[in-house]
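Coordinate inspection notes
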Amino acid sequence: VQLLNLLADAAGLPPSTAEVPVRALLPVAYSFAQETYPELLDDDVNAFPLWLPWLSPQPAYTLRRPPLRARSLLHRPGLWLRLLLRRFRLRLRQTFWARLSGRERRWYRWRKQLAALLSVRYGLAPGGLAVLLEDDERFVLYLQRFLAEHHIPYALPLYDPQGHYLFAAPGKVEVLARALLHAVARGRDNELFVLLADLLEIGEHLGPLLRAVKVALARHHAVVVVCPWPPGLPLPSADGGDGEGLAAPTPRGKGKAAATAELVTRATLLRFHRAYHEVRRTFGRLAVPVVCARAEDSVRLILDRLERLRGQRRGVR
Amino acid sequence: MNRPEADRREPGEAALLIYQVVCLAGLALVLMAQMTHGLGLVDLLLLLLGLLGVAARLRAAPVLVLILLAFGQLNQAAFLGARGWGLRRAGWSFHASDIVLCCGTFAYVAGHLRLQALTSYILPPDRRQYEGTPRRGPLGWFTNRPVRRRRAARLVTAAELIVFLLTLPLWAVLAQAGWAWLSTRQAVLGLDLPTPLLRFLLVTWLLAVGGGVTAAGFAQWRRRTMAPAEAAMILQDVLWRETRREQRRLQRWLAWSRLRRAGRKETP
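Residues numbered from 1 in each chain as written. Chains lettered and ligands numbered in written order. Predicted model: local features only at pLDDT ≥ 70, side-chain atom pairs only at ≥ 80, totals over all residues. Heavy atoms only, no water.

1. So, the overall build of chain B
Going by this rule: Runs of H or I in DSSP of at least four residues are treated as helices and runs of E of at least two as strands, each being numbered from the N terminus. Using a 1.4 Å probe on the protein chains alone, a residue whose accessible area is under 20% of its type maximum counts as buried, one over 50% counts as exposed, and one in between counts as partly exposed. Contact definition: two residues touch when any of their heavy atoms are within 4.5 Å. Residue burial considers only the protein chains on display, and all accessible areas are found by Shrake-Rupley using a 1.4 Å probe.
Counting its secondary structure elements, chain B contains nine helices and zero strands. Sequence-ordered secondary structure for chain B, helices as α and strands as β, is α-α-α-α-α-α-α-α-α. Taking all 268 residues of chain B together, 32% fall into the buried category. Put simply, 65% of the contacts in chain B that link residues at least 6 apart link residues at least 24 apart. For chain B, the exposed area adds up to about 17600 Å²; of that, 68% sits on carbon and sulfur atoms.

Next up, the structure:
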């Protein structure tokens with residue numbers, strides 16, 4: 001029951017990421033706050049000095065810049081130049097455009113007023129206002145929390161500019177590895193450890209978990225990995241292909257929008273299939289089976305493994 | 001038809017007519033009172049402006065009529081005073097024309113404002129609500145008109161009109177009493193000041209002190225009824241205003257260092 005409660009609590013958590021730009025959430029949150037908490041945005045309690053965006057707009061050095069990576073050593077000088085130009089452009093924008101543009105100044109006012117509201121609402125006062133006003137990441141996280149609490153829909157990007165899945169949460173690998181080692185240390189019989197975790201798209205962070213699985217296997221335990229699978233997507237083939245031969249989804253409309261939607265669906269499908277096969281190959285080297293939660297044979301596989309373990313125990317006796 | 005649509009309809013002609021007649025009657029009373037000193041150019045302008053205000057429903061008409069009337073009164077006083085006719089009287093004496101003037105002015109101003117409530121809007125338009133889908137112009141401003149709420153014409157009753165007309169002389173008598181009280185202050189205070197100046201100073205002082213006390217009372221009442229979140233916002237805002245420069249420098253430095261750390265971690 002405790003496990004189910006924990007799972008239910010985790011399922012109820014809203015997705016949030018610090019990678020969202022402030023501009024994507026600020027207008028939604030401000031217009032909602034204006035409708036719901038007008039008394040907290042009133043000038044009497046939440047004043048904004050008109051000269052502030054003119055004299056002290058947000059400086060360029062506190063803004064996030066997506067990292068650039070050189071594909072080879074030959075590209076290093078070009079990358080350095082691009083980085084320099086990008087920094088210069090950002091500084092130029094914050095020095096001139098942030099002061100002159102009416103929209104930028106309005107957004108700065110919105111941000112200050114929302115920062116004050118969020119700071120009081122989440123008990124960050126008295127210093128929370130300055131933190132949220134200057135730190136984009138924290139401000140965006142609190143904005144998402146505020147919107148999620150009020151059930152306001154907002155769009156979140158799933159991938160960063162480099163194509164990394166933003167909700168992969170590689171931190172869970174460490175947690176899982178620690179839990180597995182803990183269980184192995186206390187296991188007396190030959191146990192079957194079923195890892196129910198979304199390990200897709202975090203291939204490069206699997207090291208600690210692989211080491212823990214090796215320890216479990218060395219102690220004659222069995223391990224099975226069950227990965228969740230998004231609803232609506234076809235299951236990956238068992239032959240280990242990359243999904244290249246997958247049939248294109250049926251078009252739902254005509255024109256560019258339909259073509260784009262098809263492309264996105266197909267790219268997503270390929271991406272999931274490749275990620276699944278990579279995880280499968282990684283664990284396959286340790287003879288650990290990986291199945292999709294939606295696959296019909298996942299339950300059968302677990303029962304089969306359990307039966308095999310029981311047989312081993314009878315053999316030992 | 002729902003309620004807002006019903007309110008948006010042209011108000012009942014009867015209600016409009018009633019307040020138009022009140023305004024015209026008020027204007028006639030003002031001119032009657034002015035006739036005791038002889039009509040001049042200012043009075044002619046007053047008549048034209050008053051009629052135009054009623055016919056075209058000018059929103060600024062009550063204020064303009066008041067300004068013109070005050071100008072006419074001051075002009076008349078200066079004219080008579082220059083001839084030594086003693087309009088700058090030290091004491092107070094009853095004049096029926098003053099009562100008529102008060103009643104007429106009050107009837108015109110109040111009647112016109114009620115007319116505006118029926119034809120234009122009863123409360124100032126809410127800038128957060130616009131008619132139709134909000135659209136922004138090239139400068140970023142909303143081009144839609146804010147929603148205006150008129151007073152429903154069916155709410156104008158005979159009782160309202162009777163109370164309004166019966167209270168007109170009451171306010172005029174009260175104004176006369178106030179004027180008489182002001183005129184007797186010189187003897188009480190013993191100040192050697194011209195009577196008009198003393199009246200002006202007393203009225204200004206009373207308005208300033210009264211306004212200040214009222215504002216302080218409302219501010220105190222608002223603070224007493226304030227929610228804890230609002231009070232916390234005020235305290236937070238005060239602290240931020242006082243230490244904004246230091247807090248900003250610290251937090252910007254922290255944000256910069258965190259971004260730099262994250263950048264180093266991501267660099268291969």
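2. A word on the overall build of chain A
What chain A contains, in helices and strands, is 11 helices and three strands. Looking at chain A residue by residue over its 317 residues, the buried ones come to 38%. Sequence-distant contacts, at least 24 apart, represent 75% of the contacts inside chain A between residues at least 6 apart. Roughly 18800 Å² of accessible area belongs to chain A as shown, and the carbon and sulfur atoms make up 58% of that amount.

3. Section: the packing of aromatic side chains
Residues and elements named next belong to chain B. Threshold: When two rings of Phe, Tyr or Trp (its six-membered ring) have centres within 6.5 Å they constitute a pair, described as stacked for plane angles under 30 degrees, edge-to-face for angles over 60, and tilted for the intermediate range.
Per the stated rule, a full pass over the model turns up 11 aromatic pairs over all chains. Ring centres 6.4 Å apart and planes at 40° place the aromatic pair Phe-106 and Phe-164 in the tilted group. One end of the pair, Phe-106, is in helix H5 (residues 96–119); the other, Phe-164, is in helix H6 (residues 158–183), with 58 residues separating them in the sequence. Between the aromatic rings of Phe-218 and Trp-221, the centroid separation amounts to 6.4 Å while the plane-to-plane angle is 75°, which identifies the pairing as edge-to-face.

4. Quick look at the confidence of the model for chain A
Applicable threshold: pLDDT expresses how confident the predictor is about each individual residue, on a scale running from 0 to 100.
Of the residues in chain A, 87% have a pLDDT of 70 or more, and the chain-wide mean is 83. Ranking the elements of chain A by mean pLDDT puts helix H11 (residues 297–316) of chain A last with 67 and helix H5 (residues 102–121) of chain A first with 94.

5. Notes on the pattern of salt bridges
All names here are of chain A. The line we're drawing: For this analysis, a salt bridge means a side-chain nitrogen from Lys or Arg found within 4 Å of a carboxyl oxygen belonging to Asp or Glu.
Within the structure shown, the criterion is met by 17 salt bridges over all chains. Among the salt bridges present, the one from Glu-19 reaches Arg-64, with a minimum N-O distance of 3.7 Å. Of this pair, Glu-19 sits in the loop between helix H1 (2–12) and helix H2 (22–36) while Arg-64 is found in the loop between helix H3 (52–55) and helix H4 (76–100), placing the two residues 45 residues apart along the sequence. Residue Glu-19 is classed as partly exposed on the basis of its relative accessible area, which comes to 32%. A relative accessible area of 31% places Arg-64 in the partly exposed class.

6. Brief notes about the sheet that holds strand E1 (residues 192–196) of chain A
Residues and elements named next belong to chain A. Applicable threshold: DSSP-based pairing: two strands are paired if at least 2 bridges between them are found. Geometry is summarised by axes, namely lines fitted to C-alpha atoms with helices restricted to the contacting stretch, and by angles between N-to-C directions that run from 0 to 180 degrees.
Spatial ordering of the open sheet is given by E1-E2-E3, a layout of three strands whose pairing is parallel. Here the strands that pair on one side only, and so sit at the sheet edges, are E1 and strand E3 (290–292). Shown here is a sheet whose adjacent strand axes are inclined to one another by a mean of 25°, direction ignored. Against the sheet, helix H10 (residues 255–284) contacts strand E2 (222–227) and E3, and its axis sits at roughly 150° relative to E3.

7. Describing the packing of helix H8 (residues 171–186) of chain A against helix H9 (residues 207–218) of chain A
All names here are of chain A. Definition in use: Any angle that is under 35 degrees is reported as roughly parallel, and any over 145 degrees as roughly antiparallel; angles of 65 to 115 degrees are reported as roughly perpendicular and all others as oblique. The handedness criterion is simple: a crossing whose near helix is rotated anticlockwise from the far helix by less than a right angle is left-handed, and one whose near helix is rotated clockwise is right-handed. For this scheme, ten residues count as nonpolar: Ala, Val, Leu, Ile, Met, Phe, Trp, Tyr, Cys and Pro. Four count as charged, namely Asp, Glu, Lys and Arg, and the remainder, Gly too, count as polar.
H9 packs onto H8 with a crossing angle of 15° between their chain directions and a minimal axis gap of 8 Å. For the element pair H8 / H9, the angle class is roughly parallel. Like other packed secondary-structure pairs, H8 and H9 cross with a definite hand, here left-handed. Judged by residue contacts, Val-173, Glu-174, Leu-176, Ala-177, Leu-180, Leu-181 and Val-184 of H8 engage Pro-208, Leu-209, Ala-212, Val-213, Val-215 and Ala-216 from H9. Residues that form the contact of H8 with H9 fall into these classes: 12 nonpolar, no polar and one charged.

8. Comments concerning empty space enclosed by the protein
Let me state the cut-off plainly: Points on a 1 Å grid, built from protein atoms alone, make a cavity when a 1.4 Å probe fits but cannot get out and make a pocket when they are open with protein on both sides within 12 Å along at least 5 of 7 lines; residues with an atom within 4 Å of a point are the lining residues. Grid points are joined across faces, edges and corners, and a volume is the space filled by probe spheres set on the points.
Taken as a whole and judged by the stated rule, the model has one cavity of 30 Å³ or more. The computed volume of the largest cavity comes to approximately 40 Å³. Mapped by element, the contributors of at least two residues to the lining of the largest cavity are helix H6 (128–134) of chain A together with helix H9 (228–266) of chain B. Examining the composition of the lining of the largest cavity, we find that four residues originate from one element, H9 of chain B, more than from any other. Of the residues contributing to the lining of the largest cavity, the split by class is five nonpolar, one polar and three charged.

9. Structural notes on the nonpolar core
Cut-off, in case you're wondering: Nine residue types can take part in a nonpolar core, namely buried Ala, Val, Leu, Ile, Met, Phe, Trp, Tyr and Cys, and a core is a set of them joined through side-chain atoms within 4.5 Å.
Counting 38 residues, the largest nonpolar core has Leu-26, Leu-114, Leu-117, Leu-118, Phe-139, Leu-143 and Phe-146 of chain A as the members making the most contacts within it. Contributing elements (two or more residues each) for this core: H2, H5, H6 and helix H7 (136–149) of chain A together with H9 of chain B. It is H5 of chain A that provides the largest number of residues to this core, a total of nine residues. If you look at the next biggest cluster of nonpolar residues, it comprises 32 residues, including Leu-180, Ala-216, Trp-229 and Val-279 of chain A.

10. Details of a nonpolar patch on the surface
All names here are of chain A. Heads up, the condition is: Grouping into patches uses exposed residues only, defined as over 30% relative accessible area, and leaves out salt-bridged ones; the cut-off is 9 Å for like charges and 5 Å for nonpolar side chains (Val, Leu, Ile, Met, Phe, Trp, Tyr).
Taken together, Trp-51, Trp-54, Leu-55, Phe-88, Leu-92, Phe-96, Trp-97 and Leu-100 make up a surface patch of nonpolar side chains, about 920 Å² in accessible area. Counting residues per element, the ones that place at least two in the nonpolar patch are H3 and H4. Broken down by element, the residue count for the nonpolar patch peaks at five residues, all from H4. Among the secondary structure elements, Phe-96 is positioned in helix H4.

11. Some details on the interface of chain A and chain B
Our working rule: In short, buried area is how much 1.4 Å probe accessible area vanishes from two parts on joining, totalled over both. Polar contact criterion, stated in full: a pair of N or O atoms within 3.5 Å, where within protein one must be able to donate a hydrogen and the other to accept it, and residues adjacent in sequence count only if both atoms are side-chain atoms.
Tallying the contact residues gives 39 residues for chain A and 25 residues for chain B. For the chain A and chain B pair, buried surface summed over both sides reaches about 2800 Å², with 58% attributable to carbon and sulfur atoms. Run the count over chain A and chain B and you get six salt bridges. We note a salt bridge from Asp-237 of chain B to Lys-112 of chain A, for which the minimum N-O separation is 2.8 Å. If you look at where chain A meets chain B, you find 11 residue pairs in polar contact (both at pLDDT 80 or more). For the side of chain A that touches chain B, the element with the highest residue contribution is H5 of chain A, accounting for seven residues. Residues that form the side of chain A that touches chain B fall into these classes: 22 nonpolar, seven polar and 10 charged.

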